Amino acid sequence: MRFIFPLLLLFISQQVGAVAIYTAKDIITLSDAAPSAQAVAVEGANILATGSVKDLKRTYPDAIVDRRFDEAFIVPGFINQHDHPLLAALMMDTEVIAIEDWEMPQKFFKAAFTPAEYRAELAHRLSEFSDERMFVSWGYHRLWHGELNRQILDELAPNTPVVIWQRSGHEFIFNSKALTQLGISADTLSEHPAEARAQMNVDAGHFWEQGAIAILPRLLPVLASPEKYGPALRVIKNYWQAAGATRVVEPGGLTFPWLMDIQMQELGQEGGPFRMDYIVDAKIIAAQHGISGMASKADKLIDSWGSANSRYYPKQVKMFSDGAIFSQLMQMKDGYLDGHHGEWLTPPEKFKAMFAEFWQADYQIHVHQNGDQGLDFVLDVLSENMQRYPRKDHRTTIVHFGFSTQEQVERIADLGVIVSANPYYPVALGDKYSDHGIGPERAEHMVRLGDVVRAGVPFSLHSDMPMAPGKPLFLMWCAVNRVDHEGRVIGPEQRVSPLQALKAVTIEAAYSVQQEQSIGSIEAGKLANFTVLAANPLTVDPMNIKDIDVIATVHEGTVYKND
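Residues numbered from 1 in each chain as written. Predicted model: local features only at pLDDT ≥ 70, side-chain atom pairs only at ≥ 80, totals over all residues. Heavy atoms only, no water.

Undergrad: Please clarify how helix 8 (residues 210–223) should be interpreted in this entry.
TA: In an α-helix, one full turn covers 3.6 residues, which means residues spaced three or four apart are oriented alike. Across its 14 residues, helix 8 extends 19 Å between first and last C-alpha, which sits within 8% of the 20 Å expected from 1.5 Å per residue. Bending of helix 8 peaks at approximately 60 degrees at the position of Pro217. For helix 8, the complete set of buried residues consists of Gln210, Gly211, Ala212, Ala214, Ile215, Leu216, Leu219, Leu220 and Leu223. (Helix = DSSP H or I, 4+ residues; strand = E, 2+ residues; numbered from the N terminus. Expected span 1.5 Å × (residues − 1). Bend = angle between axes of the 7 residues up to and from the residue. Buried < 20%, exposed > 50% of the residue type's maximum accessible area, 1.4 Å probe, protein only.)

What follows is the structure in structure tokens.
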């Protein structure tokens, strides 16, 4: 999809209280009462009504009819329901060498598919790197790019501090120069808990999952210095708006005060093209305050921080079960073909205690899950809590939904669980994971959304940017087609319809974060959030969905036009 950079912000110039009527070739409202409309009436930030121009003018005779979108299609504003501004912005500021092409504002990074391609590109980038800063490259994956460790990096760059950020975002590999600069050594490991130390290998320069999280306080000031991070956030802000986003949510983001201050300054001010909202991270609360009483600590954080355009959602929390799918560290019931094992991001007993605290406090709990054994564990914990303290409409959310079984999908339906899925997994990983670690049968059925639909389970789509491009049309394309880079359909029975995919980045995404009363569809009383498209995503060739141009967005009544 051609990247459309937003050079111009078109503000509606109208007196306070004036009504604007927007027309389009078709307005796909996703309202059961009136799924299609010719026009929508907006006053300020709110939708007044939908219908024909004639009827709306009769109701609002002084309204201004705005016909700039007459040849376009208006859909509810896209919701990036699970993205990470920190990771996305930092990724865009690194030397990307990944398993797929990455198209970014004013940059294009070509994929490296083999160890030889990766090593040659890494050596080339290092040879051109003359900055005194740390060299950081994101996108490495062992199955495509071969083995990499501290010793290999030392040979490639003996005098430059190098950080290789694995494609999952959950792992780092350092050379000796970088470890020294960051003050990381065998002697400093004692400052970390045992479960984190178990996921560190200083000799190899390798830190993963809890081990990677543990060293972030040393690494982040280098990666996200204020002079770098602010501009990087502005780039990702433009990227998301150009992709059609009118709401972005980060579940479980890091809450270092200096990071949040910068994010608030860049993404949290009124007048922006989208709202930037957050969901509290349970592991951060536990690390700061302990498990006992952590829900009340989360309540205080939610009440004490935020602005009119950026806030924590009340009574929602993110938790983590098993490891990253891009690292093949998810917990799998039948293990891995090569005999390695998965990891827990939260030790099981600690997870149970944390879950119980938030469940008892009536929180909606969003749980990062990737392996089917990890899913069994999460559903068991939920079932135990349901028996002790039954709740209706709890909306416990399985996030990512990497591997599951048909029986688990039925159990999800029975327990009233909802799914927030990353549809890029089978597209990016299906072919390679069929050959390595997982096998063809399990790889074919990762992210089994077809079964979810048939079971009547509500589902939304997310990118987990930078795990997938933060472009809702691309996510729709992945879910509808499930086509890998060689053109093979991965698990055809797990595909969904274009309408189901559109709902999954709009009204179902809103439902997943308890915002369906204000956003997600084009209906009277909701916020005037629209995405304006050059083609109808429900009628184009499904293979062309990701290539539809985003003409503009409307965020709470203000038009942001892409050039």
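Undergrad: Hey, could you run me through the pairing of strand 24 (residues 550–555) in this one?
TA: Most of strand 24 is tucked away: five of the six residues are buried. Pairing between strand 23 (residues 530–533) and strand 24: four bridges, direction antiparallel. Looking at strand 24, one finds that Val532 is bridged to Ala552. Where strand 24 lies against strand 25 (residues 558–561), four bridges are found, and the strand directions are antiparallel. (Pairing = 2+ DSSP bridges.)

Undergrad: I keep staring at the environment of Leu56 and nothing clicks. Help me out?
TA: Examined against the element boundaries, Leu56 turns out to sit in helix 1 (residues 53–59). On the accessibility criterion, Leu56 (4% relative accessible area) is buried. C-alpha separation for the pair Leu56 and Leu86, spaced 30 residues apart in sequence, amounts to 43 Å. In contact with Leu56, other than residues within four places in its own chain, are Ile21, Ala39, Val40, Ala41, Ala49, Thr50 and Gly51. (Contact = heavy atoms within 4.5 Å.)

Undergrad: Can you help me understand the pairing of strand 5 (residues 73–76) in this one?
TA: Both faces of the sheet carry side chains from a regular strand, because those side chains alternate between them. Pairing of strand 1 (residues 19–28) with strand 5 involves two bridges; the strand directions are parallel. By the bridge assignment for strand 5, Asp26 is matched with Phe73. Relative to strand 23, strand 5 is paired through four bridges, and the arrangement is antiparallel. Bridge pairing in strand 23 links Phe73 to Leu533.

Undergrad: Explain the packing of helix 12 (residues 294–304) against helix 13 (residues 348–360) here, please?
TA: Packed helices, taken two at a time, are described by the angle between their axes plus the distance between the axes. At a minimum axis separation of 8 Å, helix 12 and helix 13 run at an interaxial angle of 60 degrees. By the criterion of interaxial angle, the relationship of helix 12 to helix 13 is oblique. Where helix 12 abuts helix 13, its residues Met294, Ala295 and Ala298 lie against Met354, Glu357 and Phe358. Here the residues of the contact of helix 12 with helix 13 are counted per class, giving five nonpolar, no polar and one charged. (Axes fitted to C-alpha atoms, helices over the stretch in contact; angles between N-to-C directions. Parallel < 35°, antiparallel > 145°, perpendicular 65-115°, else oblique. Nonpolar A, V, L, I, M, F, W, Y, C, P; charged D, E, K, R; others polar.)

Undergrad: How do you make sense of the sheet that holds strand 7 (residues 95–96) when you look at a structure like this?
TA: The strands that make up a sheet pair up through hydrogen bonds in the backbone, lying either parallel or antiparallel. If you walk across this open sheet you meet the six strands as 7-10-11-12-14-13, and the pairing is mixed. This sheet does not close on itself; its edge strands, each paired only once, are strand 7 and strand 13 (200–201). As defined by bridge partners, strand 7 adjoins strand 10 (residues 135–140) across two bridges and the pair is classed as parallel. Opposite Val96, over in strand 10, you have Trp138 as the bridge partner.

Undergrad: What is the right way to read the pattern of salt bridges from this model?
TA: If charged atoms from side chains of opposite charge come close, those side chains can pair. Taken as a whole and assessed by the stated rule, the structure comprises 28 salt bridges. A salt bridge links Asp393 to Arg395; the shortest N-O distance between them is 3.0 Å. Using a relative accessible area of 53% as the deciding quantity, one classes Asp393 as exposed. Across the pair Asp484 and Arg488 runs a salt bridge, and its minimum N-O distance is 3.9 Å. Accessibility expressed as a relative area gives 33% for Arg488, which makes it partly exposed. One continuous salt-bridge network, built from bridges that share partners, spans Glu95, Glu121 and Arg125. (Salt bridge = Lys/Arg side-chain N within 4 Å of Asp/Glu carboxyl O.)

Undergrad: I would appreciate a short explanation of the packing of helix 14 (residues 372–388) against helix 15 (residues 406–415) in the present structure.
TA: Across the interface, helix 14 lies against helix 15 with an axial gap of 11 Å and an inter-helix angle of 25 degrees. Between helix 14 and helix 15, the angle falls in the class roughly parallel. The two elements helix 14 and helix 15 cross, and the hand of that crossing is left-handed. Packed against helix 14, whose contacting residues are Asp372, Leu375, Asp376, Leu379, Asp380, Leu382, Ser383 and Met386, the element helix 15 presents Gln408, Arg411, Ile412 and Leu415 at the interface. Grouping the amino acids of the contact of helix 14 with helix 15 by side-chain chemistry returns six nonpolar, two polar and four charged. (Left-handed = near helix turned anticlockwise from the far one by under 90°.)

Undergrad: How should the packing of aromatic side chains be read in this particular structure?
TA: Describing an aromatic ring pair means giving the distance of the ring centres and the angle of the ring planes. Per the counting criterion, the structure on display carries 20 aromatic pairs. When the ring of Tyr22 is compared with that of Phe530, the centres are 6.5 Å apart and the planes differ by 75 degrees; the resulting orientation is edge-to-face. With Tyr22 in strand 1 and Phe530 in strand 23, this pair connects stretches of sequence that are 508 residues apart. Here Tyr22 and Phe530 have matching classes, each one buried. (Phe/Tyr/Trp six-rings, centres within 6.5 Å; stacked < 30°, edge-to-face > 60°.)

Undergrad: For this particular structure, what's the right way to read empty space enclosed by the protein?
TA: Empty space left among the atoms is revealed by rolling a probe the size of a water molecule over them. Taken as a whole, this structure holds four cavities of 30 Å³ or more when the rule is applied. Computed from the structure, the largest cavity encloses a volume of approximately 460 Å³. Taken together, the elements giving at least two residues each to the lining of the largest cavity come down to helix 2 (85–92), helix 8 and strand 18 (310–320). Per-element tally for the lining of the largest cavity: the top contributor is helix 8, with five residues. (1 Å grid on protein atoms, 1.4 Å probe; cavity = no way out; pocket = protein on both sides within 12 Å on 5 of 7 lines; lining within 4 Å. Points joined across faces, edges and corners; volume = space filled by probe spheres on them.)

Undergrad: Help me out: how do you make sense of the nonpolar core in this one?
TA: Generally speaking, soluble globular proteins have nonpolar side chains that are buried together. Formed by 135 residues in total, the largest nonpolar core has its most connected members in Trp102, Phe174, Trp240 and Tyr433. Top contributing element to this core by residue count: helix 19 (residues 472–481), with eight residues. Here Trp240 is in contact with Asn80, Asp83, His84, Pro85, Ala88, Ala245, Val248, Phe274, Met276, Met465 and Gly470, once residues within four sequence places are set aside. (Core = buried A, V, L, I, M, F, W, Y, C linked by side-chain atoms within 4.5 Å.)

Undergrad: Teacher, can you tell me more about the side chain of His170 here?
TA: Within the secondary structure, His170 is located in the loop between strand 11 (162–166) and strand 12 (171–174). In this view, His170 contacts Phe207, Trp208, Glu209, Ala212, Ala324, Leu345 and His368; residues no more than four positions away in its chain are not counted.

Undergrad: In this structure, what is going on with the side chain of His394? I would like to understand it.
TA: Mapped onto the elements, His394 comes out in the loop between helix 14 and strand 20 (397–400). With relative accessibility at 3%, the residue His394 sits in the buried group. A distance of 2.8 Å separates polar atoms of two side chains, one belonging to His394 and the other to Thr396. Leave out the neighbours within four places in its chain, and His394 touches Trp359, Gln364, Leu382, Met386, Leu415, Gly416 and Val417. (Polar contact = N/O pair within 3.5 Å; in protein donor to acceptor, adjacent residues only side chain to side chain.)

Undergrad: What exactly am I supposed to notice about unusual backbone geometry here?
TA: Trans is the prevailing form of peptide bonds, just as negative phi is the prevailing case for residues other than glycine. Note that the residue after Met465, namely Pro466, is joined by a cis bond; omega there is 20 degrees. Position of Pro466 among the secondary structure elements: in the loop between strand 22 (459–461) and helix 19. The phi angle at Lys315 is positive, at roughly 55 degrees, despite the residue not being glycine. Relative to the helices and strands, Lys315 resides in strand 18. Overall, Lys315 belongs to the partly exposed group, its relative accessible area being 33%.

As far as function goes, none of this settles anything; it's purely spatial.
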